[in-house]
Amino acid sequence: MKSVFRVELSSTKHPLAHRVLTPEEIEEVEQLLGWMASLGVHDDGHLPRVMLLTLALCRRLNMLETSTERRAALRAGLLHDIGKALVSQDILNKPGPLSIEERIVIERHPELGMRLASNLQGIEPEVLDAILHHHEAYGGEGYPYGLVGLQIPRLARVLSVADVYDALTSDRPYRTAWTHQEAVKHLQDHAGRLFDPVAVWALSLFNFDPSSAEGFDLPEEKVS
Ligand SMILES: [Fe+2]
């Protein structure tokens, strides 16, 4: 089964975004996308998809009890890679393996992103934490700090699952996109070592229907 997230969810023009987000949230997303574009980070569909999946997973995990939590999940999903604005395109787009020096540069993007995002007025501390820690691994092998398990902020653990899921189900120059089942299996196989098992479990509950954009299972997501 192909992931429904493969629909071209670019910007907020996709009907899915209008079904899931409030008008105020869509306005905020557009503003943030504009800010990111001014820094050279353009919407290729990945960021809004990660944002929506982060929201969906957080909802499944009862992490959206307040409007602040919902806003934080939305912002973290959209802004998680903003630090790449400060990383050379040559390194980001390098087709072959990275040198140790290049990897060190890439692995600074969470911290750089946290610093950039801290300039946004009213940004929640949870968002900055999620950006800083979205490449931590549950077993402690991630970066930048090698945090383990519950040391990793909860929103960062969920965001990591959404980010990797979307990457796996996206076409890459060196491979075609994985199916929904392949991506979920990979995440399950690495739950506990790389990923939060609870966040992976929440993902596994989704029933993506490839025949319809409505397959994104957020029937009651829209808030009034
Ligand atoms: Fe990242």
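Residues numbered from 1 in each chain as written. Predicted model: local features only at pLDDT ≥ 70, side-chain atom pairs only at ≥ 80, totals over all residues.

K.L.:
Lay out the overall build of the protein chain in plain terms, naming residues and giving numbers.
P.N.:
Of regular secondary structure, the protein chain possesses 11 helices and zero strands. Relative to its full complement of 224 residues, the protein chain shows a buried share of 39%. For the protein chain, contacts bridging at least 24 residues in sequence account for 64% of all contacts bridging at least 6. (Helix = DSSP H or I, 4+ residues; strand = E, 2+ residues; numbered from the N terminus. Buried ≥ 20, exposed ≤ 12 C-beta atoms within 10 Å, placed from the backbone. Contact = placed C-beta atoms within 7 Å.)

K.L.:
Account for the environment of Leu33, naming residues and giving values.
P.N.:
Turning to its location among the elements, Leu33 is positioned in helix α2 (residues 23-38). Given 19 C-beta atoms within 10 Å, Leu33 falls into the partly exposed group. Sequence separation between Leu33 and Leu47 is 14 residues, and the spatial gap between their C-alpha atoms is 9.1 Å.

K.L.:
Got a sec to walk through helix α9 (residues 154-168)? Specific residues and values, please.
P.N.:
In this model, α9 (15 residues) spans 22 Å end to end at C-alpha, consistent with the 21 Å of a helix rising 1.5 Å per residue. Counting buried positions along α9 gives 12 out of 15 residues, so the element sits mostly inside the fold. Of all the positions in α9, only Leu155, Ala156, Arg157, Val158, Leu159, Ser160, Val161, Ala162, Asp163, Val164, Tyr165 and Asp166 are classed as buried. Next to the buried residues of α9 lie α3 (46-60), α4 (67-79), α8 (125-133), α10 (180-189) and α11 (197-204). (Expected span 1.5 Å × (residues − 1).)

K.L.:
Can you tell me about α11, naming the residues and giving the values?
P.N.:
Within the span of α11, buried status applies to Ala199, Val200 and Leu203. Looking down the long axis of α11, one finds its buried residues gathered within 100 degrees of arc, a one-sided arrangement. Where the residues of α11 are buried, they touch α3, α9 and α10. (Arc of directions from axis to C-beta.)

K.L.:
An account of the environment of Leu79 is requested, with residue identities and associated values reported.
P.N.:
In this fold, Leu79 is placed in helix α4. Among the residues examined, Leu79 registers 26 C-beta atoms within 10 Å and is labelled buried. Here the alpha-carbon distance between Leu79 and Leu33, two residues 46 residues apart in the chain, equals 8.7 Å.

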